[in-house]
Amino acid sequence: MGLAKRIIPCLDVKDGTTVKGTNFINLRHAGDPVELGKAYSAAGADELVFLDITASHEGRKTFTDMVTRVAAEVNIPFTVGGGVNELSDVERLLLAGADKVSVNSAALRHPELIDEIAKRFGSQVCVCAIDARLNDGKWTCYVNGGRIPTDRDLFAWATEVASRGAGEILFTSMNHDGVKQGFALEALAKLHDLLPIPIIASGGAGERRHFLEAFTIGKADAALAASVFHFGEISIPELKGYLRAEGVDVRM
């Protein structure tokens, strides 16, 4: 048996409240991030991811005080991202209580940031988030919360990210985000086969079977979801019971 598979609720935060959209647009409110984080921690989530989704686009820093408040209420690992552009941002978030920091847009613009974070704080702190869209058979990476396409290919960039010292990759398929039709299984499996670091699947969870497929077909190490948890469509204890019954190693 390898490491247990992880279930990770994602808190996308805008203007101090948790939101959830479809294909990165049409956001609707989902609740207070501190209360949601506390509830997920109590329900058996393995980790939490907290993303200030407009920080890079608006050119500001993640709300450090909210990170502090969330960290005070949870007892599981906690990743924070959004507007992380330099080592001082990472240090500020770690001091506020985050266990890991997610970089996305800044890493694509300045790849050496990954090397710097890994060297200064350790690879385990550096999560590289990759938002990519499948267009005409090619996966293209995007920056600024999925607003701007780059010339970077998903698999080439992921390989570089791993070589620079990132501890894990959070891959979100923009095509699948919020649609609830399942994860990007083929791309996930390819990432798993290419890379020596864990892959977190994101974008597409709509029912329990989709998580099972992410772990078995997609070979993901963790599966992240938002709306199915926020709006009570799937409970974490129920999901973990289902996965264990299907032969997936999860922490109960």
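Here goes a summary of the coordinates provided.

Cut-offs used in this document
- Residues numbered from 1 in each chain as written.
- Predicted model: local features only at pLDDT ≥ 70, side-chain atom pairs only at ≥ 80, totals over all residues.
- Heavy atoms only, no water.
- Helix = DSSP H or I, 4+ residues; strand = E, 2+ residues; numbered from the N terminus.
- Rg over C-alpha atoms; globule rule 2.2 N^0.38 Å.
- Buried < 20%, exposed > 50% of the residue type's maximum accessible area, 1.4 Å probe, protein only.
- Contact = heavy atoms within 4.5 Å.
- Areas by Shrake-Rupley, 256 points an atom, 1.4 Å probe, with all protein chains shown as cover.
- Lys, Arg positive; Asp, Glu negative; His and termini not counted.
- Charge placed at Lys NZ, Arg CZ, Asp CG, Glu CD.
- Core = buried A, V, L, I, M, F, W, Y, C linked by side-chain atoms within 4.5 Å.
- Axes fitted to C-alpha atoms, helices over the stretch in contact; angles between N-to-C directions.
- Parallel < 35°, antiparallel > 145°, perpendicular 65-115°, else oblique.
- Left-handed = near helix turned anticlockwise from the far one by under 90°.

1. Digging into the overall build of the protein chain
Thinking step 1. A count of helices and strands for the protein chain gives eleven helices and twelve strands.
Thinking step 2. For a compact globule of 252 residues, the expected C-alpha radius of gyration is about 18 Å, and the protein chain comes in at 16 Å, within 12% of that figure.
Thinking step 3. By residue count, 56% of the 252 residues in the protein chain fall in the buried class.
Thinking step 4. Counting only contacts in the protein chain whose residues sit at least 6 apart along the sequence, the fraction spanning at least 24 positions is 66%.
Thinking step 5. Surface accessibility of the protein chain: about 10400 Å² in total, with carbon and sulfur atoms responsible for 51%.
Thinking step 6. Of note, the protein chain has its 27 positive side-chain charges centred 1 Å away from the centre of its 33 negative side-chain charges.

2. Some remarks on the nonpolar core
Thinking step 1. Judged by nonpolar contacts, the single largest core of 74 residues is most densely connected at Leu154, Phe171, Phe211, Phe229 and Leu243.
Thinking step 2. Considering every element that reaches this core, the biggest residue donor is helix α7 (residues 154–164), with six residues.
Thinking step 3. When residues no more than four places from it in sequence are discounted, the contact partners of Leu243 are Ile7, Phe211, Leu212, Phe215, Val248 and Val250.
Thinking step 4. Counting residues in each nonpolar core, the second largest holds ten residues, with Cys10, Val49, Ala129 and Ala222 among its members.

3. Observations regarding the packing of helix α1 (residues 33–43) against helix α3 (residues 64–73)
Thinking step 1. Contact pair α1 / α3: the axes reach a minimum separation of 8 Å and the direction vectors enclose 25°. Put simply, α1 runs roughly parallel to α3. Where α1 crosses over α3, the two elements pack in a sense that is right-handed. Here α1 contributes Pro33, Val34 and Lys38 to the contact with α3, which in turn contributes Met66, Arg69, Val70 and Glu73.

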